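Chain by chain, the residues:
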There are 2 protein chains.
Amino acid sequence: MNRVFNFSAGPAAMPVEVLEQAQQELTCWGDTGASVMELSHRGKPFVGVAEQAERDLRELLAVPDDYEVLFLQGGATAQFNFIPQNLLGSASSCDYISTGQWSLKAIAEARKFAHVNVAASSESDNFSSAPSQSQLQLDSEAAYLHYTPNETIGGVEFGYVPDAGNVPLVADLSSTLLSRPLDVSRFGLIYAGAQKNIGPSGLVVVIVRKSLLGRANATLADAFNYEKQAAAGSMLNTPPTYAWYIAGLVFKWLLQRGGLTAMAEINKRKADKLYQAIDASGYYRNPVATDSRSWMNVPFICGDGSRDKAFLEQSEAAGLHALKGHRSVGGMRASIYNAMPEQGVDALIEFMAEFERVSS
Amino acid sequence: MNRVFNFSAGPAAMPVEVLEQAQQELTCWGDTGASVMELSHRGKPFVGVAEQAERDLRELLAVPDDYEVLFLQGGATAQFNFIPQNLLGSASSCDYISTGQWSLKAIAEARKFAHVNVAASSESDNFSSAPSQSQLQLDSEAAYLHYTPNETIGGVEFGYVPDAGNVPLVADLSSTLLSRPLDVSRFGLIYAGAQKNIGPSGLVVVIVRKSLLGRANATLADAFNYEKQAAAGSMLNTPPTYAWYIAGLVFKWLLQRGGLTAMAEINKRKADKLYQAIDASGYYRNPVATDSRSWMNVPFICGDGSRDKAFLEQSEAAGLHALKGHRSVGGMRASIYNAMPEQGVDALIEFMAEFERVSS
């Protein structure tokens, strides 16, 4: 059957070229006579896959040499707990910016270990904007400042990288990493669950400045001790090898397409035309402040909400998959990560216009 | 190219029928128009995959209704840390049996949270046997008794299930789960990294008696709080969906082959004939006490060790893959999990005889 345009927020659409290559070599990889998923993580063939993936990721993001790149498990959600355990050291407080559901989850886990100073929160405007730099009430003694550059559920994105002075900046980049260039040197630690722009779920990428390692608490699991995992090449325990391999294919796919500068251009164009279509219509509405709108996740409502069910049924039937908004907010959400082709966005815009026409 | 016979200890060989089905439907699963790895874990199609896998696993192991079945991340190694955090409650001590490298790792993580009473250790005989029930020095006040029914590196297996009285029994079944029937009701908690008999690495199955939940410590990550994950159907955070799907294919494969009773018969036959070949030869030697020999991992040395390199090169060239022993012990190791066909063991035995002939 034909593949649909998949607007799922994550696990999300993958590049079809990546899936086709994975399919071709699923039972036999290279000259190994085995599937990648059957290869020992300690054997030369898989170590080659793993190292190439790290090299390509470093190239894509121009990761400075004084940063470790880790391929771990547990997604971003588990790192919410492990980041304070790795970074607090003897500090008793850390700063968090609260811009939505994912910030709140990160804060809840951090509170298990330290006082959390909420440096800014957009909760009072129903998480529909990102605070500006001048609104941040930062603590210069904080162990780090954590924020969520893009809230996947609310579709709220920071248009800038916060300046935290000498305090290390930590960012949950799950939904935007690899969608555009990033100055990694601005951050102490960044992390991203793979299931949006990187690869299958079950893999999380952590990139951390080496000078921040060495302060983990004594009860942290070795498997999530970033210093120990860095020393072991992310193979202190058996890594999610197949997901790591698929991520490597995605990195190659991105390099072949001109890297993150090229992706940024396409992604901006995709987002711009979708927001323009929403704003130009009298029927659809995106609730987010225009300077905080996400390139990756575009939530919208139509009319008074009474036709949401019809919209979702008919769009699904038209080959536009998974447009349902997050269960906590309802409405619709189009996630348009790297792997969503521009034609998919065009098809959505066309469908929206026609749905508005017959609904009005 | 032809597929090899893959003796890797893990990630390990998968059933070729499973790989072929996964390959066929990799780009489009069912009528979704998307790959399984692109499906939202909250959508009906993937929830169906996940629930079917759990039902099939429950059927295979006859899991009693008062047990939760969890599909998590982090492998067994991470659970070494999370099990004490979930089970200790107000207890200050737990019992561990030490039979090799994996026991030692489990003990090291538990010591981060409690006093560990080593109820028995076979370290003095170089971990070449499992202690008998009468050798166990158990503490009736222990929070639980943990043991490693099969040590993957040493190839040492318990021929019995320890009796811990009223103390819950906890077992790392990474390398033996699904290799034969198991009376789950004897255990408080069992767990297994997927990459031996279940599916791709990055997935771990935890089966826990419901009455043991509810005593997690306050700083444990929600993503590894077994009670919270049970309440969320293992979807408190995004699960490793593709690995979960592959595990489901493996469960179906096992059911179609007659389940665990049928697998036990084949696995016993495979192990018996390999040990017989080793014992009958004057050239090969397995160092493990005969009553503690693993069905799954068969380590052996040949001659004085000087021909190990030749053995490994020539066996690899003959299509017998990954026979190298663990880096901590050297020599050879044949891992012969469910997916290793009997012909693979026959081919190994034949190769060993020929290698002995030209080496003697």
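Residues numbered from 1 in each chain as written. Chains lettered and ligands numbered in written order. Predicted model: local features only at pLDDT ≥ 70, side-chain atom pairs only at ≥ 80, totals over all residues.

So what exactly am I meant to see when it comes to the overall build of chain A here?
Across its full length, chain A holds nine helices and 14 strands. Its C-alpha atoms give chain A a radius of gyration of 21 Å, near enough to 21 Å, the size a compact globule of 360 residues would have. Relative to its 360 residues, chain A shows a buried fraction of 55%. Long-range contacts, defined here as pairs at least 24 residues apart, represent 68% of the contacts in chain A between residues at least 6 apart. (Helix = DSSP H or I, 4+ residues; strand = E, 2+ residues; numbered from the N terminus. Rg over C-alpha atoms; globule rule 2.2 N^0.38 Å. Buried ≥ 20, exposed ≤ 12 C-beta atoms within 10 Å, placed from the backbone. Contact = placed C-beta atoms within 7 Å.)

For this particular structure, what's the right way to read the domain arrangement of chain A?
Residues and elements named next belong to chain A. Each assigned domain of chain A is listed with its residue range as follows: domain 1 (17-256) and domain 2 (258-359). Distance from the C-alpha centre of domain 1 to the C-alpha centre of domain 2: 27 Å. Counting from both sides, the interface comprises 23 residues of domain 1 and, opposite them, 24 residues of domain 2. Every element with two or more residues in the side of domain 1 that touches domain 2 is listed here: β7 (156-157) and α6 (241-256). Looking at side-chain class alone, the side of domain 1 that touches domain 2 contains eight nonpolar, 12 polar and three charged residues. (Domains from an automatic or database assignment. Nonpolar A, V, L, I, M, F, W, Y, C, P; charged D, E, K, R; others polar.)

How should the nonpolar core be read in this particular structure?
Where a protein is soluble and globular, its nonpolar side chains tend to be buried together. Of all hydrophobic cores here, the largest spans 235 residues; its most connected members are Leu-189, Val-206 and Ala-247 of chain A together with Leu-189, Val-206, Ala-247 and Ile-336 of chain B. Once residues lying within four places of it in the same chain are set aside, the contact partners of Ile-336 of chain B are Phe-7, Lys-270, Ala-271, Leu-274, Met-296, Val-298 and Val-345 of chain B. (Core = buried A, V, L, I, M, F, W, Y, C linked by C-beta atoms within 7 Å.)

How should I be thinking about the sheet that holds strand β10 (residues 204-209) of chain A in this particular structure?
Residue and element names in this part refer to chain A. The strand order β2-β10-β9-β8-β5-β3-β4 describes an open sheet built from seven strands, whose pairing is mixed. Of all strands in the sheet, those with a lone pairing partner are β2 (67-72) and β4 (115-121), marking the two edges. Each neighbouring strand pair of the sheet contributes to a mean axis angle of 15 degrees, computed without reference to strand direction. Helix α4 (residues 101-110) rests against β3 (93-98), β4, β5 (145-147) and β8 (169-172) of the sheet, and its axis sits at about 165 degrees to β3. (Pairing = 2+ DSSP bridges. Axes fitted to C-alpha atoms, helices over the stretch in contact; angles between N-to-C directions.)

Quick question: what am I supposed to make of unusual backbone geometry here?
Excluding glycine, a negative phi dihedral is what most residues carry, and trans is how most peptide bonds are arranged. All names here are of chain A. Following Gly-10, the chain continues into Pro-11 via a peptide bond in cis, with omega recorded as -10 degrees. Although it is not a glycine, Ala-62 sits at a positive phi angle of roughly 50 degrees. As for its placement among the helices and strands, Ala-62 is situated in the loop between α2 (44-61) and β2. Judged by the 13 C-beta atoms lying within 10 Å of it, Ala-62 is partly exposed.

I tried to follow the pairing of strand β14 (residues 332-335) of chain A on my own but got confused; where do I start?
When a strand is regular, its side chains alternate between the sheet's two faces. All names here are of chain A. Neither face of β14 is open: one carries Met-332 and Ala-334, the other Arg-333 and Ser-335, and all of them are buried. Two elements, strand β12 (residues 297-302) and β14, share four bridges in a ladder whose sense is antiparallel. When the bridges of β14 are listed, Asn-297 appears paired with Ser-335.

So what exactly am I meant to see when it comes to the environment of Pro-45 of chain B here?
All names here are of chain B. As for its position among the elements, Pro-45 is in helix α2 (residues 44-61). For the pair Pro-45 and Ile-246, spaced 201 residues apart in sequence, the C-alpha separation works out to 15 Å. Setting aside residues no more than four positions away along its own chain, Pro-45 makes contact with Gly-30, Thr-32 and Leu-39.

For this particular structure, what's the right way to read helix α7 (residues 259-280) of chain A?
Turn by turn, an α-helix covers 3.6 residues, leaving residues three or four places apart pointing in a common direction. Residues and elements named next belong to chain A. The end-to-end C-alpha distance of α7 is 32 Å, a good match for the 32 Å that 22 residues give at a rise of 1.5 Å each. Every buried residue of α7 is accounted for by Leu-260, Met-263, Asn-267, Lys-270, Ala-271, Leu-274, Ala-277 and Ile-278. For α7, the angular spread of buried residues about the axis comes to 130 degrees, placing them on one side. Away from its buried face, by an angle of more than 90 degrees, α7 presents the exposed residues Thr-261, Glu-265, Gln-276, Asp-279 and Ala-280. Of the surrounding elements, those touching the buried residues of α7 are α2, α6, β11 (284-285), β12, β14 and α9 (342-359). (Expected span 1.5 Å × (residues − 1). Arc of directions from axis to C-beta.)

When you look at the interface of chain B and chain A in this model, what are you seeing that I'm missing?
Size of an interface: often given as the accessible area lost when the parts come together. Every contact between the two is made by 58 residues of chain B and, on the other side, 59 residues of chain A. Among the elements of the structure, α1 (16-24), α3 (75-87) and α6 (241-256) of chain B are those that each provide at least two residues to the side of chain B that touches chain A. Residue contributions to the side of chain B that touches chain A peak at five residues, all from α1 of chain B.

Teacher, can you tell me more about the relation of the copies chain B and chain A here?
Two copies of the chain are present, and they differ by a rotation about an axis and a shift along that axis. Placing chain B over chain A gives an RMSD of 0.0 Å and needs a rotation angle of 180 degrees, together with 0.0 Å of translation along the axis. The symmetry that links the two subunits is that of a two-fold axis. Identified as the residue of chain B closest to the rotation axis by C-alpha distance is Gln-23 of chain B, at 2.6 Å. A shared interface surface links the copies, since 100% of the contact residues of chain B are contact residues in chain A too. (Least-squares fit on C-alpha atoms with pLDDT ≥ 70 in both.)

Hey, could you run me through the packing of helix α7 (residues 259-280) of chain B against helix α9 (residues 342-359) of chain B in this one?
Residues and elements named next belong to chain B. Here α7 crosses α9 at 0 degrees, and the two axes come no closer than 10 Å. In terms of orientation, α7 lies roughly parallel with respect to α9. Residues Ile-266, Arg-269, Lys-270, Lys-273, Leu-274 and Ala-277 of α7 lie in contact with α9, whose contacting residues are Glu-342, Val-345, Leu-348, Ile-349 and Met-352. Here the residues of the contact of α7 with α9 are counted per class, giving seven nonpolar, no polar and four charged. (Parallel < 35°, antiparallel > 145°, perpendicular 65-115°, else oblique.)

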